[in-house]
Amino acid sequence: MKELVIGEWSVPVPVIQGGMGVGVSLDRLAGAVAKEGGIGVISTAQIGFLEDGYENNPLKTNLAAIRKVIERARKIAKGGMIGANIMVATKGYGEYVKAAVEAKVDLIISGAGLPVDLPQYVKNVKTKIAPIVSSEKAAKVILKLWDRKYQRVPDLVVIEGPEAGGHLGFSKEELCTITQKSYAAEVKRILSILEEYREKYQREIPVVVAGGVYDWKDMERVMALGVDGVQIATRFVTTEECDATDAYKQMYLQCKEEDIILVESPVGLPGRAIRNSFLEEVKKFPEKFRTKKCRQCITGCNPAQTPYCISQALIAAVNGNKKEGLFFCGKNAYRAERIETVSDVMREFRGKH
């Protein structure tokens, strides 16, 4: 595998560790992946949930935590590349991006909506920016808009497919009908669009594909499409360095293929998660989980109408609370058989399997 080149950065192993919130990918995991030659990514979703003051002022606490977590990850990374995943749907999105830029994060990856204004926050700084797109249409919109409004192109594009975990950029109907073959054709169409902008700006725009990449064979299949790298999340959950609790990791180790289901998130997006008693209880007794306190996480969320608080459910999960937690995962989570080290995983993706 050739190196992944992003501007002046040369990443030895063309693997980006996907950002996983809440609290699944923080400094320990991101730092370890970066140290092993990939790109380690911190999720900023409720990043300060372990900090004093979070319950009273989530936004202020989260913004302060961004700097702390990035600094801690850098110490582990030993010069490796550290990124931050910041959802467009985050309340105070611009403030989160500014905080990450001020902390001198190397890369910002942004999805859960189109990051139309992301370039305005990285003028005259070294931080690279990468939109997440799932369709040819989304790619066209973001490339055209950045070209017209900011006279620039992305430093990297992440194409996230239908086999990813967490919130997904597809309808439930699409998730039930799209195949690996049909989505490979969509990836090719997105690559074709990018070629126009490469020629116009006379610069490379590397592309990585996310969703459904679990092992070396998956990586080979995806790289054969003509992309520059892969983004992997689920495989890193069952590593020693993952920031989630052991109980969280056990959910992955114990789940079967039929336990991985599509759910309707309270923020209005389909998602992929592990079936557990919480998801059954939410259906049977909706009043039991009604939001009692807003944690200021997602724009467009009306606490009075949502069946449960997404932040509260994800925090419960990362702490290993199976009765009240929502355990997001990728389609391949059932393939996890043991706890590995990040070094072991990265060795495989170096081709030393």
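Residues numbered from 1 in each chain as written. Predicted model: local features only at pLDDT ≥ 70, side-chain atom pairs only at ≥ 80, totals over all residues. Heavy atoms only, no water.

### A closer look at the sheet that holds strand 13 (residues 270–274)
Convention followed: We call two strands paired when DSSP finds no fewer than two bridges between them. By definition, any uninterrupted DSSP run of H or I lasting at least four residues is a helix, any uninterrupted run of E lasting at least two residues is a strand, and each is numbered from the N terminus.
With antiparallel pairing, the three strands of this open sheet are ordered in space as 9-13-12. Because the sheet does not close on itself, it has two edges, and the strands there are strand 9 (166–167) and strand 12 (260–264). The pairing of strand 9 with strand 13 spans two bridges and is classified as antiparallel. When the bridges of strand 13 are listed, glycine 166 appears paired with arginine 272.

### Let's talk about the packing of aromatic side chains
The geometry of an aromatic ring pair comes down to the distance between the two centres and the angle between the two planes. Using the following cut-off: We call Phe, Tyr and Trp rings a pair once their centres come within 6.5 Å, taking the six-membered ring for Trp, and we label the pair stacked below 30 degrees between planes, edge-to-face above 60, and tilted otherwise. Relative accessibility thresholds used throughout: buried, under 20% of the residue-type maximum; exposed, over 50%; partly exposed, between the two (1.4 Å probe, protein chains only).
Per the stated rule, a full pass over the model turns up four aromatic pairs. Between phenylalanine 278 and tyrosine 308, the ring centres sit 5.1 Å apart and the planes meet at 80 degrees, which makes this aromatic pair edge-to-face. Separated by 30 residues along the polypeptide, phenylalanine 278 in helix 10 (residues 277–284) and tyrosine 308 in the loop between helix 10 and helix 11 (310–318) bring together distant segments of the chain. For the pair formed by phenylalanine 278 and tyrosine 308, the shared burial category is buried.

### A word on helix 4 (residues 136–150)
Each full turn of the α-helix corresponds to 3.6 residues, which orients residues three or four apart in the same direction. This is how the line gets drawn: Here the expected span of a helix is defined as 1.5 Å times the quantity of residues minus one.
Helix length check: helix 4 (15 residues) gives 21 Å between terminal C-alpha atoms against 21 Å at 1.5 Å per residue, within 8%. Considered for burial, the residues of helix 4 that qualify are Ala138, Ala139, Ile142, Leu143, Leu145, Trp146, Asp147 and Tyr150. After helix 4 finishes, the residue glutamine 151 shows a positive phi value of roughly 50 degrees.

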